[in-house]
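Coordinate analysis (summary)
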Amino acid sequence: MKKQKNCEKRYVFVFDTSTITVLQELGRVDLIDSIRRQCNVKIIIPQAVKNEFLRSGSQVGIQSNDIAEIPTEVDVHAIDVPQSLGEGERHAIAIAYAISKSSSESIALVVTDDLRARRTCKKIGVKVLGTLGLIEFAKRYGVITKEEALNLT
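Predicted model only: the values in this text are computed from it and were never measured.

When its secondary structure is counted, the protein chain shows seven helices and four strands. In sequence order, the secondary structure elements of the protein chain are arranged as β-α-α-β-α-α-β-α-β-α-α. In the protein chain, buried positions account for 49% of the 153 residues. Look at the contacts in the protein chain between residues 6 or more apart in sequence, and 69% of them connect residues 24 or more apart. Of the roughly 8200 Å² of accessible surface on the protein chain, a fraction of 48% belongs to carbon and sulfur atoms.

Below is the structure:
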């Protein structure tokens, strides 16, 4: 039986392609929607990330109909994000940065497994989470059991 804990903070998870791809490979992309529903986490998948999936001939695979849509006006050049990162990573970082600077009520995190993107986030002060951190978050807040978490790692 899963123990349900309340998420005491308001989180915003901004995804890039890498973590979604790993969850698809694990057959657990549903974890994103479960976290959204059970922990009241706002999920943002930038259009640039959706475009990366479309170019590869696949879909994001998240069946939620209330994933936040972000306008394309987010200025990825306003912060020091290397152009060598993919478009999805740059947009995810820029969106999380903008949210973290404009809202004291929400904690914005970029969810990525890309090492260069993670280093960039740390360099500019944006919180970051990878697939393992996402699984740990889901376990901590009772979205999945310890056994389920161990089976995913």
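Time to look at the environment of Asn-40. Here Asn-40 shows up in the loop between helix 2 (30–39) and strand 2 (42–44). Aside from chain neighbours lying at most four places away, what touches Asn-40 is Arg-10, Tyr-11 and Ile-35.

In this section: the nonpolar core. Ranked by size, the top nonpolar core spans 29 residues in total, and within it Phe-13, Phe-15, Ile-20, Leu-31 and Ile-35 carry the most contacts. Looking at this core, the elements that each hand over two or more residues are strand 1 (10–15), helix 1 (17–26), helix 2, helix 3 (47–55), strand 3 (106–111), helix 6 (131–140) and helix 7 (146–152). Here Phe-15 is in contact with Ile-20, Ile-32, Ile-43, Ile-44, Ile-45, Pro-46, Val-49, Ala-92, Val-111 and Leu-134, once residues within four sequence places are set aside. Counting 19 residues, the second largest nonpolar core, distinct from the first, contains Val-14, Ile-44, Ala-92 and Ile-99.

So, about the packing of helix 1 against helix 3. Put simply, helix 1 and helix 3 touch, their axes get as near as 10 Å, and they point 50° apart. Comparing their axes, helix 3 and helix 1 come out oblique. Between helix 1, through Thr-17, Ile-20, Thr-21 and Gln-24, and helix 3, the contact on the second element is made entirely by Val-49, Glu-52 and Phe-53.

Pairing is parallel in the open sheet, where four strands are placed in the order 2-1-3-4. Only two strands of the sheet have a single neighbouring strand rather than two, namely strand 2 and strand 4 (127–129). Neighbour-to-neighbour, the strand axes of this sheet turn through a mean angle of 30°, independent of strand direction. Pairing between strand 1 and strand 2: three bridges, direction parallel. In the sheet register, Val-14 faces strand 2, and the bridge partner there is Ile-44. Its contacts with the sheet place helix 4 (residues 87–102) against strand 1, strand 2 and strand 3, and it is angled at close to 170° to strand 3. Against the sheet, helix 6 contacts strand 1, strand 3 and strand 4, and its axis sits at roughly 150° relative to strand 1.

A separate point is the side chain of Arg-28. With respect to the helices and strands, the residue Arg-28 is situated in the loop between helix 1 and helix 2. Setting aside residues no more than four positions away along its own chain, Arg-28 makes contact with Leu-23, Ile-144, Glu-148 and Leu-152.

On to helix 4, then. For helix 4, which comprises 16 residues, the first-to-last C-alpha distance of 22 Å matches the rise-based estimate of 22 Å (1.5 Å per residue) to within 8%. Where helix 4 is concerned, the buried positions are Gly-88, Glu-89, Arg-90, His-91, Ala-92, Ile-93, Ala-94, Ile-95, Ala-96 and Ile-99. Buried residues along helix 4 sit in contact with strand 1, strand 2, helix 3, strand 3 and helix 5 (115–124).

Another aspect to go through is the pattern of salt bridges. In the structure shown here, the tally under the stated rule is five salt bridges. Between Asp-30 and Arg-28 there is a salt bridge; the shortest N-O distance is 3.0 Å. Taking relative accessible area as the criterion, Asp-30 reaches 37% and is therefore assigned partly exposed. The shortest N-O distance in the salt bridge between Glu-136 and Arg-140 comes to 2.7 Å. A residue pair is termed a helical-turn pair when its members lie 3 or 4 positions apart in one helix, as Glu-136 and Arg-140 do in helix 6 at four residues. Note on Glu-136: relative accessible area 36%, which makes it partly exposed.

Cut-offs applied
- Residues numbered from 1 in each chain as written.
- Predicted model: local features only at pLDDT ≥ 70, side-chain atom pairs only at ≥ 80, totals over all residues.
- Heavy atoms only, no water.
- Helix = DSSP H or I, 4+ residues; strand = E, 2+ residues; numbered from the N terminus.
- Buried < 20%, exposed > 50% of the residue type's maximum accessible area, 1.4 Å probe, protein only.
- Contact = heavy atoms within 4.5 Å.
- Areas by Shrake-Rupley, 256 points an atom, 1.4 Å probe, with all protein chains shown as cover.
- Core = buried A, V, L, I, M, F, W, Y, C linked by side-chain atoms within 4.5 Å.
- Axes fitted to C-alpha atoms, helices over the stretch in contact; angles between N-to-C directions.
- Parallel < 35°, antiparallel > 145°, perpendicular 65-115°, else oblique.
- Pairing = 2+ DSSP bridges.
- Expected span 1.5 Å × (residues − 1).
- Salt bridge = Lys/Arg side-chain N within 4 Å of Asp/Glu carboxyl O.

The values reported here are purely geometric and, on their own, carry no functional implication.
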